Amino acid sequence: MIFEFQGYIPVVHESSFVHPLAAVTGNVIIGKNCYIGPGAAIRGDWGQIILEDGVNVQENCTVHMFPGKSITLKESAHVGHGAIIHGANLGRNCLIGMNTVIMDDAEIGDESIVGAMAFVKAETIIPRRSLVVGNPAKVIKQVSDEMIAWKTKGTKLYQQLPKECHETLREVEPLREVHENRKLQDDTYKTLRETFKN
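Residues numbered from 1 in each chain as written. Predicted model: local features only at pLDDT ≥ 70, side-chain atom pairs only at ≥ 80, totals over all residues. Heavy atoms only, no water.

A. Region of interest: the layout of surface pockets. Roughly 410 Å³ of internal volume is contained in the largest pocket. If you trace the largest pocket, you find 22 residues lining it, with His78, Leu95, Gly97, Met98 and Trp150 closest to the centre. Counting only elements with at least two residues in the lining of the largest pocket, the list comes to strand 13 (95-96), strand 16 (113-114), strand 19 (130-133) and helix 1 (145-168). It is helix 1 that contributes the most residues to the lining of the largest pocket, 6 residues altogether. (1 Å grid on protein atoms, 1.4 Å probe; cavity = no way out; pocket = protein on both sides within 12 Å on 5 of 7 lines; lining within 4 Å. Points joined across faces, edges and corners; volume = space filled by probe spheres on them. Helix = DSSP H or I, 4+ residues; strand = E, 2+ residues; numbered from the N terminus.)

Next comes the structure, spelled out in structure tokens:
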């Protein structure tokens with residue numbers, strides 16, 4: 001759902017998709033080919049939130065900040081299920097793992113990968129192409145070309161998802177039994193471990 005707050009109405013590019021069970025409030029600007037999953041809350045009630053083109057904010061994420069702050073999730077930033085971005089800026093083509101918490105005035109460098117369940121303290125500066133894990137989060141190595149290629153490919157799936165949602169997502173009554181010829185989805189993307197096995 002999209003909510004006006006204190007005269008601020010969110011701006012969402014027509015190519016992007018905001019799930020009806022997400023909440024986008026106030027001074028939020030969403031660029032092209034962005035995906036906002038169900039249960040996500042993007043609250044621009046106290047400051048401006050900009051999602052540049054190709055950003056995805058997945059299910060049950062929160063994006064918010066203290067009053068008077070403005071934040072940007074740069075092009076192709078990828079925010080995994082359940083993550084919290086509170087007053088932090090995300091660099092271009094970065095990956096934020098599931099259930100990660102990134103606190104106020106932190107800066108995540110371009111093409112960095114923050115592992116699942118990491119806690120990035122306030123005012124932490126993560127350099128470009130860093131692999132970050134833990135609580136508190138620490139840089140453990142540099143992101144390789146292979147790792148960022150894997151991340152980029154995964155993000156492209158999310159950049160295609162808005163179009164597919166606009167074309168095929170609809171509320172329906174459930175079936176009462178499984179049809180005999182129900183097919184499985186294509187295996188188009190491998191885990192990082194599977195990718196490096198080959």
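Picking up after the structure, the text goes on.
B. View of the state of the cysteines. For the structure shown, the criterion picks out 0 disulfides. Of the cysteine sulfurs around Cys34, a residue in no disulfide, the closest is that of Cys94, at 13 Å. The class for Cys34 is buried, based on a relative accessible area of 0%. Cys94 takes part in no disulfide bond, and the closest cysteine sulfur to it belongs to Cys61, at a distance of 12 Å. (Disulfide = S-S within 2.5 Å. Buried < 20%, exposed > 50% of the residue type's maximum accessible area, 1.4 Å probe, protein only.)

C. Representation of the pattern of salt bridges. The full count for this structure, using the stated rule, is 7 salt bridges. A salt bridge links Asp105 to Lys69, with the shortest nitrogen-to-oxygen separation between them at 3.1 Å. With Asp105 in the loop between strand 14 (101-102) and strand 15 (107-108) and Lys69 in the loop between strand 8 (62-64) and strand 9 (71-73), this pair connects stretches of sequence that are 36 residues apart. Judged by its relative accessible area of 34%, Lys69 is partly exposed. Measuring nitrogen to oxygen at the nearest pair gives 2.7 Å for the salt bridge that ties Lys163 to Glu167. Linking Lys163 with Glu167, this pair stays in helix 1, spanning 4 residues, or about one helical turn. (Salt bridge = Lys/Arg side-chain N within 4 Å of Asp/Glu carboxyl O.)

D. Structural detail: the pairing of strand 20 (residues 138-142). Where strand 19 lies against strand 20, 4 bridges are found, and the strand directions are antiparallel. In the sheet register, Val133 faces strand 20, and the bridge partner there is Lys138. Turn length for the strand 19-strand 20 hairpin, with the two strands adjacent in sequence and antiparallel, is 4 residues, and the turn residue Gly134 shows positive phi of about 100 degrees. (Pairing = 2+ DSSP bridges.)

E. Here's a closer look at the packing of aromatic side chains. Summed over all chains, the structure comprises 2 aromatic pairs. Relative to Tyr35, the ring of Phe17 lies with its centre 6.2 Å away and its plane at 15 degrees, an arrangement referred to as stacked. Here the residue Phe17 occupies a position in strand 3 (residues 17-18), and Tyr35 occupies one in strand 5 (residues 35-36), the gap between them amounting to 18 residues. Under the relative-accessibility criterion, Tyr35 is labelled buried at 6%. (Phe/Tyr/Trp six-rings, centres within 6.5 Å; stacked < 30°, edge-to-face > 60°.)

F. Expanded view of the sheet that holds strand 5. Spatially, the 8 strands line up as an open sheet ordered 3-5-7-10-13-16-19-20, and their pairing is mixed. Each edge of the open sheet carries a strand with a single partner, namely strand 3 and strand 20. Relative to strand 16, strand 13 is paired through 2 bridges, and the arrangement is parallel. In the sheet register, Leu95 faces strand 16, and the bridge partner there is Ile113.

G. Structural detail: the pairing of strand 19. As paired elements, strand 16 and strand 19 share 2 bridges and run parallel to each other. Note on strand 19: the bridge partner recorded for Ile113 is Leu131.

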